[in-house]
Amino acid sequence: MPRLAVSPSSKPNCSLIGLICIFLTLSATHTHARIAVTIPEQVSLLASMNTQQLSISWLGGEATTFDLIILRTEFNETVFYGTVSVTVNQESGRHEWNWTSAEPLECTSLSVRIRSRDGQMTSDWSDTQILQGSDVPSNKDTQIYPQDRIVPVGSNTTFCCIVAEREVFGSIQYRSTVMSATRLSRRTYAATVVNQGPSRASGTNVLCFTDRSSSLSGAVVFVGYPPQLSDFVCETHDLTSTVCQWNNGRDTSLYGKRRTRYLVNNRDCTNNSLLQQQTECSVPQWEENWTLVAVNSLGQYSLTDSAELSHRVCPVAPVELSSVVHAWNATVQWQWKYSSYSSLALVCQVEFTAGGYKTKRTFTGVGLRSAVLSDLHPVEDYSVQVRCGAQQNFWKWGTWSKPISFKTKTDVPDAPDVWMWRNRDGTGQVIWKPLTQRQSHGQITGYSVTFWNPEENRQHTVILSQYTIAVPFNLTQMAYLSGDNKVIASVTAKNADGMSPPASVSLRLPDVELPAASRAVYTDEGFPLSWQSNANATCSFVVEWHETSCTYDCPVDWIKVPAGNTNVSIESANFQPGVRYSFSLYSCPSDSPELLQRWQGYTEELVPSGSVRLSSSQQGSDILLTWRSMPMVDSRGFLLGYNVYISNGSQLTLLANLSDLETSYTVKGFSMGSYKFTVKAYTSAGEETGTTVIIAMESYSDWLILEILTSLGILSLLLVIATFICYKKRKWVKKAFYPDIPEPKLPSDWSSAQGPLDVKPSPHSMVHIVEKPEWDSSKEMLVVIPEEDEDDDGQGIGDEPVDTDEPTSLRYYNQVVDERPIRPRFPDSSTSSASSLDSAHTDVTYTGIQTSGSSLVFQLDPQGSSEGHQPQAAHSVSCRGGGYQPQMQPRAPSDDMGLASAEPLLEAQAACSGGYKPQSSWHFDSPMEAEERGSLAPSLGSPTSIASTQFLLPDGEEHGEEKRQSSSAATWFTNLLSSTKP
Amino acid sequence: MAEQEEQPITQPDPPGSGQSRTGRAVSIARLLHRECTRLLQLYKEKETFLSDHTPDGGRIVSLSSESEASSAEEQVQCLHSALRQCLGLLHCVILKEEEEWGKLEGDYETMRKNVRTRLEHLLHTTKDLVETEEMILEVTPDHQCNEEVDGAGGLFGLKMWTYRVLLELIHWSDHAAQTLHVLHREREGTEEI
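For clarity, every value in this text was computed on a predicted model and none was experimentally measured.

## What to know about the overall build of chain A
Along chain A, the regular secondary structure elements total eleven helices and 59 strands. Long-range pairs, those at least 24 residues apart, make up 66% of the contacts in chain A with a sequence separation of at least 6. When the accessible surface of chain A is summed, it comes to about 52,500 Å², and 52% of that surface belongs to carbon and sulfur atoms.

## Notes on the overall build of chain B
Within chain B, the regular secondary structure consists of four helices and zero strands. The order of helices and strands in chain B, counted from the N terminus, is α-α-α-α. In chain B, which comprises 193 residues, the share counted as buried stands at 47%. Within chain B, contacts between residues separated by at least 24 positions form 83% of all contacts whose residues are at least 6 apart in sequence. When the accessible surface of chain B is summed, it comes to about 9,400 Å², and 44% of that surface belongs to carbon and sulfur atoms.

## Details of the sheet that holds strand S29 (residues 370-373) of chain A
All names here are of chain A. Spatially, the three strands line up as an open sheet ordered S25-S26-S29, and their pairing is antiparallel. The sheet is open, and its two borders are formed by strand S25 (319-325) and S29, each paired with just one other strand. The sheet shows a mean angle of 15° between the axes of neighbouring strands, taken without regard to direction. Judged from the four bridges that link them, strand S26 (residues 330-335) and S29 form a sheet pairing that is antiparallel. Within the sheet, the bridge partner assigned to Ala-330 lies in S29 and is Leu-373.

## Here we look at the pairing of strand S17 (residues 216-224) of chain A
All names here are of chain A. The buried fraction of S17 is high, at nine of nine residues. On S17, burial covers both faces: Leu-216, Gly-218, Val-220, Phe-222 and Gly-224 on one face and Ser-217, Ala-219, Val-221 and Val-223 on the other are all buried. With four bridges connecting them, strand S10 (residues 149-152) and S17 associate as parallel partners. Across the sheet, Pro-152 pairs through a bridge with Gly-224, a residue of S17.

## Re the confidence of the model for chain A
Looking at chain A as a whole, its pLDDT mean stands at 76, while 69% of the residues score no less than 70. Contacts for the low-pLDDT stretch residues 1-14 of chain A, under 50 throughout, to residues beyond four places or in other chains number nine contacts.

## Structural notes on the pattern of salt bridges
A full pass over the atoms with the stated rule returns 27 salt bridges over all chains. Of the charged contacts, one joins Lys396(A) and Glu235(A) as a salt bridge, the two residues approaching to 3.3 Å between their closest N and O atoms. Remark: Glu235(A) occurs in strand S18 (residues 230-235) and Lys396(A) occurs in the loop between strand S30 (381-390) and strand S31 (404-407); sequence separation between them is 161 residues. The partner of Glu99(B) in a salt bridge is Lys257(A), and the shortest N-O contact between them spans 3.3 Å. In this pair, Glu99(B) is assigned in helix H2 (residues 72-101) and Lys257(A) in the loop between strand S19 (242-247) and strand S20 (261-264), connecting two distinct chains. With relative accessibility at 39%, the residue Glu99(B) sits in the partly exposed group. In this structure, a network of salt bridges that share partners links the residues Lys257(A), Arg258(A), Glu99(B) and Glu100(B).

## Considering the pairing of strand S49 (residues 641-648) of chain A
All names here are of chain A. In terms of burial, S49 is a largely internal element, seven of the eight residues being buried. In this sheet, strand S52 (residues 673-683) lies alongside S49 in antiparallel orientation, the contact comprising six bridges. Residue Asn-643 lies in a different strand from S52, and its bridge partner there is Lys-680. As paired elements, S49 and strand S50 (residues 651-658) share seven bridges and run antiparallel to each other. Bridging from a neighbouring strand, Asn-643 pairs with Asn-657 of S50. Turn length for the S49-S50 hairpin, with the two strands adjacent in sequence and antiparallel, is two residues, and the turn residue Gly-649 shows positive phi of about 70°.

## Observations concerning the interface of chain A and chain B
As a measure of interface size, the accessible area lost when the parts come together is often cited. With 23 residues of chain A in contact, the opposing surface of chain B contributes 19 residues. For the pair chain A and chain B, the number of links is four salt bridges. Counting across the chain A and chain B interface gives ten residue pairs in polar contact (both at pLDDT 80 or more). Those elements giving two or more residues to the side of chain A that touches chain B turn out to be strand S16 (204-210) and S17 of chain A. Taken together, the residues of the side of chain A that touches chain B break down into eight nonpolar, ten polar and five charged.

## Here we look at the nonpolar core
Among the nonpolar cores identified, the biggest contains 60 residues, and Leu83(B), Val115(B), Leu122(B), Leu169(B), Trp172(B) and Leu180(B) are the most heavily contacted of them. At the level of elements, S17 of chain A together with helix H1 (21-46), H2, helix H3 (107-130) and helix H4 (154-188) of chain B are the ones that each hand at least two residues to this core. In terms of residues, this core owes the most to one element, H4(B), which gives 15 residues. Dropping the residues within four chain positions of it, Leu169(B) is found in contact with Cys36(B), Cys86(B), Leu90(B), Val115(B) and Leu119(B).

## So, the sheet that holds strand S47 (residues 614-619) of chain A
Residue and element names in this part refer to chain A. The strand order S47-S48-S51 describes an open sheet built from three strands, whose pairing is antiparallel. Of all strands in the sheet, those with a lone pairing partner are S47 and strand S51 (664-667), marking the two edges. On average, each strand axis in the sheet is tilted by 20° relative to the strand beside it, whichever way the strands run. Sheet analysis places strand S48 (residues 622-627) next to S51, joined by four bridges and oriented antiparallel. Directly across from Ile-623, in S51, lies its bridge partner Val-667.

## So, the confidence of the model for chain B
Residue and element names in this part refer to chain B. With 84% of its residues at a pLDDT of 70 or more, chain B shows a mean pLDDT of 84. This model gives residues 1-6 a pLDDT under 50, and the stretch forms nine contacts once residues within four places in sequence are excluded. Throughout residues 11-16 the model reports pLDDT below 50, and contacts reaching past four residues in sequence, or to other chains, amount to two contacts. Here the prediction assigns the complex a pTM of 0.57, and the interface score ipTM is 0.89.

## Looking at the state of the cysteines
Residues and elements named next belong to chain A. Across all of its chains, the model carries seven disulfides over all chains by this definition. Across a sulfur-sulfur distance of 1.7 Å, Cys-161 and Cys-208 are joined as a disulfide pair. Residues Cys-161 and Cys-208 are joined by a disulfide whose S-S torsion is about -80°; by sign, that bridge is left-handed. Of the two residues, Cys-161 sits in strand S11 (residues 157-162) while Cys-208 sits in strand S16, which places them 47 residues apart along the sequence. For the pair Cys-161 and Cys-208, one class covers both residues: buried.

## A few points about the environment of Cys145(B)
Residue and element names in this part refer to chain B. Mapped onto the elements of the fold, Cys-145 is located in the loop between H3 and H4. Spatially, the C-alpha atom of Cys-145 lies 8.5 Å from that of Val-93, the residues being 52 residues apart in sequence. Setting aside anything within four residues of it in sequence, one finds Cys-145 in contact with Cys-92, Leu-95 and Lys-96.

## Considerations on the packing of H2(B) against H3(B)
Residues and elements named next belong to chain B. Contact pair H2 / H3: the axes reach a minimum separation of 9 Å and the direction vectors enclose 155°. Judged by the angle between their axes, H2 and H3 are roughly antiparallel. Here H2 and H3 pass one another in a crossing that is left-handed. In terms of residue class, the contact of H2 with H3 is built from 13 nonpolar, four polar and eight charged.

## Here we look at the side chain of Ser582(A)
All names here are of chain A. When you line up the elements, Ser-582 lands in strand S45 (residues 580-587). The buried category is assigned to Ser-582, whose relative accessible area is 6%. Separated by 2.7 Å, the side chains of Ser-582 and Thr-548 make a polar contact. When near neighbours in sequence (up to four residues on either side) are disregarded, Ser-582 contacts Glu-544, Trp-545, His-546, Thr-548, Trp-599 and Gln-600.

## A look at the packing of aromatic side chains
All names here are of chain A. Under the counting rule described, the total for this entry stands at 31 aromatic pairs over all chains. Plain terms: the ring middles of Tyr-81 and Trp-125 are 6.2 Å apart, the flat faces sit at 55° to each other, and that makes the pair tilted. Placement of the pair is Tyr-81 in strand S4 (residues 77-85) and Trp-125 in the loop between strand S7 (121-122) and strand S8 (129-131), with a sequence separation of 44 residues. Ring geometry for Phe-352 versus Tyr-382: centroids 5.8 Å apart, planes at 65°, classification edge-to-face. Taken together, the residues Phe-352 in strand S27 (residues 345-354) and Tyr-382 in strand S30 connect sequence positions 30 residues apart. By way of ring pairs, the aromatic residues Tyr-522, Phe-527, Trp-545, Phe-575, Tyr-581 and Phe-583 are connected into one cluster.

What counts and how
- Residues numbered from 1 in each chain as written.
- Chains lettered and ligands numbered in written order.
- Predicted model: local features only at pLDDT ≥ 70, side-chain atom pairs only at ≥ 80, totals over all residues.
- Heavy atoms only, no water.
- Helix = DSSP H or I, 4+ residues; strand = E, 2+ residues; numbered from the N terminus.
- Contact = heavy atoms within 4.5 Å.
- Areas by Shrake-Rupley, 256 points an atom, 1.4 Å probe, with all protein chains shown as cover.
- Buried < 20%, exposed > 50% of the residue type's maximum accessible area, 1.4 Å probe, protein only.
- Pairing = 2+ DSSP bridges.
- Axes fitted to C-alpha atoms, helices over the stretch in contact; angles between N-to-C directions.
- pLDDT = per-residue confidence, 0-100.
- Salt bridge = Lys/Arg side-chain N within 4 Å of Asp/Glu carboxyl O.
- Polar contact = N/O pair within 3.5 Å; in protein donor to acceptor, adjacent residues only side chain to side chain.
- Nonpolar A, V, L, I, M, F, W, Y, C, P; charged D, E, K, R; others polar.
- Core = buried A, V, L, I, M, F, W, Y, C linked by side-chain atoms within 4.5 Å.
- Disulfide = S-S within 2.5 Å.
- Parallel < 35°, antiparallel > 145°, perpendicular 65-115°, else oblique.
- Left-handed = near helix turned anticlockwise from the far one by under 90°.
- Phe/Tyr/Trp six-rings, centres within 6.5 Å; stacked < 30°, edge-to-face > 60°.

Here it is as structure tokens:
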């Protein structure tokens, strides 16, 4: 390598001979090269600091290939070394080559050397040419390069900082980012920023810090975009000059001095405004071809346009707008800024705004300067503006004029929208909708309503204020209108300009049965109602609606449907959820209205607001739940049914779902206890809160009593039947149950006298026994015969018990009686005792049952009634009559008198039949007890027939009554049986 | 913006108003000082590298006769001269910045315009206070703005120079408030404004 040959670093390490040989060889070679290749001379350096380009020129003879080496002078670091082919500049006769430095050329000094090359032969290096940097000692201050550089977005830039003398480098910052720096020279440090983003208007700061805090050096770099435009178009407003417009496109991030400059056909159209996106530029004449050039530091952009003038006419905005206003139309006039428009065929748009609505109408004409706006509304505020375009070769609409406003004049009102409401009683009201501002055409001053009969041509007019929207009527009180004639109400509105046309409605509706209402389902567009089309129908329709719950003078709303329509959608701001509305379709509303169809519906069904009125009653073991149907106002939806729940604590158990809207339900099979039931009505929205009733199930004793009475009644009926049968078959019964008792047969020695048993009877116990003459004398029996004083007969029987210690003399005659065993019969209504066996011999009359002497019949009342004691009393009487000695028998008081007395009774029977036995007598231990038993005591002591169920002495009333009933029944039966006797 | 004064930019002197002319001048100077401070704050928000930097060098505006002025009126006359130079510097800043960066409409630019108007108002006020037949005072900017802004050159130098100008405005507006307060005290005999 040649460089190696001249390298000052070669050292004489080889042997001297070797070195000499090599030196001679190389010297010979170089000597040959010097002859063939000339050394470049007059090397010149020209630096462009902005582009960091170094232009190197030299005189190089015939050579075309050169080796160049560029070094940083201070550190002798190679920046560039290469072989380049350079031709001679014919003008200067010098070789020129440009080199672009990565760093600003000011950063440090550069040394340049050149040598010629011819293949492998090279010349000697030229003299070193040095490009002086800014880091020379004469520049003592801190510097940073490049300054104010403009670079495109995304580029890389190397900055260098030359530190002031006697200062130590700190750092290089780009914005606020510290960059990694490399040292280029004693005082110079460099850092490269890559992929730079766009900077702001005042650029991006690059700072160099040293060890001196007060020393701050920096530079500003502007990073932006080259221009990029669009939508370049030129047109004319005045038919002479040109106005070109374009869109600036993206922001270049370059402002102020660095902003983009625009040229239209080489005319400066630069706008200093920063943010104006749309730019325009005027050219005084029409040139038909235009070129737009946009230039900034980073590049330029061109757009072209071409057109004939007549194809690019964009009229200016009309000026001096004025108007001539009427009630229903207005004329708008305007002027043009340029007189040249007078011959221009124009098409103009007139836009008028009223009530927030905009309407455009188009007019044409040469030099158009006015337009008539028809179909306006009286008393309406209008705002009008105009714009125009060329009618021929229309290019675009011009600018809107400034708007003008006017208000149209007044006029007579429109006819009101009239309908009526009629109650069932012939009253009602004619209703009309208040005229809107657009309908009233001025301030309404009043209404007049005329009722008239077209057949009789009689009428009656009512004048009303402007605030009235309804007038009542009563057809029954309109005498001259009464009858079946047609009655028509005509309503007219009045304002300052006059009366409106009349609006009529017929007040008579045919009395037909209301058609069934079908359901209307609400949708987003309202209640869609449709009906059958009648091909011959020429009348219009009215659909009215009101709350279904209202029946009298209802606030009704309506809509009129033109003839031929078969459907309408009803929507109203007054519709509320949960309210049922009725819709009725009428035909021919103004002449002869006829109700065609009815609907009912809800905008939204809700859960019922009320609750059913629930009541319950017990029916045996069942529970009947009844309730009233819910009022329509409370149902707030179509009732679908009722849910019946039973409450179990806090939980409700569904018992039944009554979807057929029944209002009662029987829950069966409940035992005693308390039950809680809840009934809830429900709609499609759900069920209401419900009503709860609590019922306590009671024992159904009433029913038990009723059943008992029924059973007794049936039993009584059976007894009556049995009695009747018995009566009819009494002979058979007599024969079967009471056969004739055969006569006793006495032995032959019965007449022989036997010794009497003398007993001294108590004088008070004397019984006068009368022997009946019809008595069979042959019949022997034991009889009691008073020993003395038969006159005492009437007293003593049934008297107070006598002292048994008193001597009583009774004679018992030992007579033979029926020896058949005594056979008590239970139950039997007849009362008898042993002593009554032969009572037929006494003169005490009785109506009781006559029993045979061999049968003892007792009546033992298990209920313990007073009759139950009669046998004992009778027995007692008869025994005392037989010489009984009363004997105190201690006995505790007992409630069960019947049972207590039964046993002694039987004993007494045996005694009486067999002979004397002591017998207890009734005696109360205390007077109090006697009082308590007062009702019983007299009977006990009362004389009674031995065969009778009745006491002979009067008893208490109650007992007397009971005894009468009982005894009458017994007597009847006894007589029944007795009557069977021959 | 952190704070904005409610006081209008130009305030005509209402006849018979309660505040004296010197007092009103002091108020204007104090308001100008607050606005200059705010302007510097806004500038530092734009050029953040200035936030911790204190530049070298002395005053841009200096008055050789300031120390020699003995009376308050003479001091105000010197102050008026310094304010004129400040106004000239501010005009130059506005001119150069609009030339370099374009006509921006941010908070800084708005406050910059306010300060210029307030400074002009203060110049008119001080002129009215101390102008005599012998001493005719001008209110036009005393700066031609045709010289290099700073030795460093480049747009970075413009920024540094602008920073120094804003510091000068703060200094001289504060100085104006003090000097005018002295005049107010002498003329009105009270510290109260």
